[in-house]
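Read off the chains here:
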Amino acid sequence: MNTIISTSLQDRDKAVNWHPYTQMKTADSIIPIVRGKGIYLYDEEGKKYMDVVSSWWVTLHGHSHPYIAQRVFEQLNTVEQVIFAGFTHKPAVQLSENLLKLLPANQEKVFYSDNGSTAVEVALKMCIQYAHNHEKKKTKILAFKNAYHGDTFGAMSVSGKSYWTQPFESMLFEVIFIDIPNAENIESLRFQIKELADEVACIIYEPLVQGAAGMLMYEAENLNSLMRICREYDILMIQDEVFTGFGRTGKLFAANHLSEKPDIMCFSKGLTGGTMPMGVTTCSNGIYNAFLSDDHHKTLFHGHSFTANPLACTAALASMEILLKEETQMTVQRITEQHAEFVKVLSFHPQVENARQIGTILAFDFKTGHGTSYFNEIGKKLYHEFLQRGIIMRPLGNVLYLVPPYCISAEELDFVYQNILEVLDQFRD
Ligand SMILES: *Cc1c(COP(=O)(O)O)cnc(C)c1O
């Protein structure tokens, strides 16, 4: 029998775990979760928390969804993992077929990996080697200022520079950062891109909303214009839908808001409904064909031990089935409409700036006359105030946002709005 009886999960955690994006010295006490159901997570004392950030933007249909659980359980008893070089399996074939059917028609091949960052790494390697295989010297990459594409070295290189990437600065490869397109700057962007076109292999961008930068939103029309310019100058386009995919923007993909088509797309977060880690990079046959050769050197030498894991593929299949149900599509629309109404309310609030929304994503800036350090202070205070109220919100600096699971009811969403208004009044300058 274990002799140490009364050590809490919290203390045991502290003794052994190093948490992400957390200064462990000053970290607040971490909450041990024992179970989840629907939009709620439950701690050891039975206190429940409304997970309106979908546990870092991944949970689509709520926690412990019985249908996904059932399907994964069945797959677990059928085959749990298969080496994906030289072998294949039904969940991977079925998932690729089902996913490609929903994407822009030029997306024709699927490459599996493990998370959003690896999906981005694969996309970047495809573009750089595409040029290499064509014996072209195109090694530069374009990205947006403030971008976030993940935490591995390639993904950090194409992300906006911040104190997150600062220690690694000298080791990151060269990337040319451009402004988000708007009606005013599109001609100067065209000029800039034209000048660079000979050397640039690709552009990578978060379509319509830059998530980690603080839910910064921009117009589809302007992205279409930029995409047309890139097409004109032979620059491959990587559309990072790791966050925006699977209904987040009110349509199945951000791509559904756009008339132009990217060459490559990246997915992760919502892909498995937030059940299992998995990344996907899709591409056109134009890209795929550049790697077909009798010359062995033209192969894409990339892979991960768990590539196309059957359990993750099955979770994704089950999650997409739920997502495509009329019932779910109607809830996504209902959340979109409720958010739109609440944005109107927020835009009149004296503590609020830039109330904005696209589909199920709602965000606003908490207005304060003070500098950026205060922004972080206020973020922390707001986080705790909402936790007290049983709501999980994780402000990005002074930006508050909601990305709820699609199973949230109208009443539950109204409850969250009500609490936001109360907290805003409580923190009035
Ligand atoms: C979260 C995110 C990533 C990185 O995904 P991970 O699974 O955390 O590695 C990449 N791109 C975008 C747009 C993201 O929001």
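Just so you know, these numbers come straight off a predicted model, no measurement behind them. (Residues numbered from 1 in each chain as written. Predicted model: local features only at pLDDT ≥ 70, side-chain atom pairs only at ≥ 80, totals over all residues. Heavy atoms only, no water.)

> Describe the overall build of the chain, with residues and values.
Each helix and strand counted, the chain has 13 helices and 16 strands in total. Projected onto the principal axes, the alpha-carbon positions of the chain cover approximately 65 × 60 × 45 Å. Looking at the 429 residues of the chain, the share that counts as buried comes to 52%. Contacts spanning at least 24 positions in sequence make up 71% of the contacts within the chain whose residues lie at least 6 apart. Of the roughly 20800 Å² of accessible surface on the chain, 54% is carried by carbon and sulfur atoms. Each charge sign in the chain was given a centre, from 37 positive and 49 negative side chains, and these centres are 1 Å apart. (Helix = DSSP H or I, 4+ residues; strand = E, 2+ residues; numbered from the N terminus. Buried < 20%, exposed > 50% of the residue type's maximum accessible area, 1.4 Å probe, protein only. Contact = heavy atoms within 4.5 Å. Areas by Shrake-Rupley, 256 points an atom, 1.4 Å probe, with all protein chains shown as cover. Lys, Arg positive; Asp, Glu negative; His and termini not counted. Charge placed at Lys NZ, Arg CZ, Asp CG, Glu CD.)

> I'd love a proper account of the packing of helix 3 (residues 66-76) against helix 10 (residues 310-324), names of residues and values included.
Two measures define how a pair of helices packs: the angle their axes make with one another and the distance between the axes. Running from amino to carboxyl end, helix 3 crosses helix 10 at an angle of 150 degrees, the nearest separation of the two axes being 9 Å. Put simply, helix 3 runs roughly antiparallel to helix 10. The hand of the helix 3/helix 10 crossing is right-handed. Two secondary-structure elements touch here, helix 3 through Y67, I68, R71, V72, Q75 and L76 and helix 10 through P310, L311, T314, A315, L317, A318, S319, E321 and I322. Classifying every residue of the contact of helix 3 with helix 10 by side-chain character gives 10 nonpolar, three polar and two charged. (Axes fitted to C-alpha atoms, helices over the stretch in contact; angles between N-to-C directions. Parallel < 35°, antiparallel > 145°, perpendicular 65-115°, else oblique. Left-handed = near helix turned anticlockwise from the far one by under 90°. Nonpolar A, V, L, I, M, F, W, Y, C, P; charged D, E, K, R; others polar.)

> So what about the sheet that holds strand 13 (residues 352-358)? Which residues, and what values?
If you walk across this open sheet you meet the three strands as 13-14-16, and the pairing is antiparallel. In this open sheet, the two edge strands, each paired with only one partner strand, are strand 13 and strand 16 (399-402). In this sheet, adjacent strand axes meet at a mean angle of 15 degrees when their direction is disregarded. Sheet strands in contact with helix 11 (residues 326-347) are strand 13, strand 14 (361-366) and strand 16, and its direction is about 165 degrees off that of strand 13. (Pairing = 2+ DSSP bridges.)

> Can you break down a nonpolar patch on the surface residue by residue, with the values?
A surface patch of nonpolar side chains, about 500 Å² in accessible area, is lined by Y21, W56, Y163 and W164. By the element assignment, W56 lies in helix 2 (residues 54-57). (Patch = residues over 30% accessible without salt bridge, like charges linked within 9 Å, V, L, I, M, F, W, Y side chains within 5 Å. Salt bridge = Lys/Arg side-chain N within 4 Å of Asp/Glu carboxyl O.)

> Provide a residue-level description of the site of the ligand, including the pertinent values.
Near the ligand the following residues occur: W57, N115, G116, S117, Y148, H149, G150, E206, D240, V242, F243 and K269. Between S117 and the ligand, the recorded distance is 2.6 Å, taken from a side-chain N or O atom to an oxygen atom. Computed on the free molecule, the ligand has an accessible area of 380 Å², of which 84% lies beneath the protein chains in the complex. Among the residues making up the shell around the ligand, the classes are represented as four nonpolar, five polar and three charged. (Near = heavy atom within 4 Å. Polar contact = N/O pair within 3.5 Å; in protein donor to acceptor, adjacent residues only side chain to side chain.)

> Any details on the domain arrangement of the chain? Residues and values, ideally.
Domain annotation for the chain reports domain 1 (9-64 + 328-426) and domain 2 (69-323). Each of domain 1 and domain 2 has a C-alpha centre, and the two are 27 Å apart. Taken together, the 27 residues of domain 1 in the interface contact 26 residues of domain 2. Of the roughly 2200 Å² buried between domain 1 and domain 2 on both sides combined, carbon and sulfur atoms contribute 62%. If you sort the residues of domain 1 by the area they bury against domain 2, Y21, W57 and I358 come out on top, with a joint share of 29%. At the boundary of domain 1 with domain 2, the tally comes to zero salt bridges. (Domains from an automatic or database assignment. Buried area = accessible area lost by both parts, 1.4 Å probe.)

> I'd love a proper account of the pattern of salt bridges, names of residues and values included.
Scanning all chains against the criterion turns up 12 salt bridges. Its salt-bridge partner being R389, residue E385 comes within 2.9 Å of it at the nearest N-O pair. When its relative accessible area of 22% is taken as the criterion, R389 is described as partly exposed. Note that D425 is salt-bridged to R428, the shortest N-O span being 2.9 Å. For R428, a relative accessible area of 45% corresponds to the partly exposed category. Here the salt bridges share partners, and the residues they tie into one network are E187, R190 and E232.

> Describe the sheet that holds strand 5 (residues 140-144), with residues and values.
The strands that make up a sheet are held in pairs by hydrogen bonds between backbone atoms, and each pair lies either parallel or antiparallel. If you trace the seven strands from one edge of the open sheet to the other, you get 4-12-11-10-7-5-6, paired in mixed fashion. Because the sheet does not close on itself, it has two edges, and the strands there are strand 4 (109-113) and strand 6 (175-178). Taking the axes of each pair of neighbouring strands and ignoring which way they run, one obtains an average angle of 20 degrees across the sheet. Contacts from helix 7 (residues 186-196) reach strand 5, strand 6 and strand 7 (200-205) within the one sheet, and its direction differs from that of strand 6 by about 165 degrees.

> Provide a residue-level description of the pairing of strand 13, including the pertinent values.
Of the strand pairs in this sheet, strand 13 and strand 14 are connected by five bridges, and their pairing is antiparallel. Pairing of Q357 across the sheet is with L362, part of strand 14. The loop that links strand 13 with its antiparallel partner strand 14 comprises two residues; one of these, G359, has a positive phi angle of about 55 degrees.

> Run through the packing of aromatic side chains, naming residues and quoting values.
For the structure shown, the criterion picks out 15 aromatic pairs. A ring pair is formed by F246 and F253, whose centres lie 5.1 Å apart and whose planes are at 70 degrees; its orientation type is edge-to-face. F253 carries the same exposure label as F246, and that label is buried. When the ring of F253 is compared with that of F267, the centres are 5.4 Å apart and the planes differ by 70 degrees; the resulting orientation is edge-to-face. In this pair, F253 is assigned in the loop between strand 10 (236-240) and strand 11 (264-267) and F267 in strand 11, connecting sequence segments 14 residues apart. Overall, the relative accessible area of 0% leaves F267 in the buried class. (Phe/Tyr/Trp six-rings, centres within 6.5 Å; stacked < 30°, edge-to-face > 60°.)

> Give me the side chain of S157: which residues, what numbers.
If you trace the backbone, S157 turns up in helix 6 (residues 153-157). In this structure S157 touches L172, F173, V175 and F177, once residues within four positions along its chain are discounted.

> So what's going on with helix 8 (residues 220-232)? Which residues, and what values?
For helix 8, which comprises 13 residues, the first-to-last C-alpha distance of 18 Å matches the rise-based estimate of 18 Å (1.5 Å per residue) to within 8%. For helix 8, the set of buried residues is A220, N222, L223, N224, L226, M227, I229 and C230. In this structure, the buried side of helix 8 is in contact with strand 5, strand 6, helix 7, strand 7 and strand 10. In the segment just after helix 8, D234 is the residue with positive phi, at about 60 degrees. (Expected span 1.5 Å × (residues − 1).)

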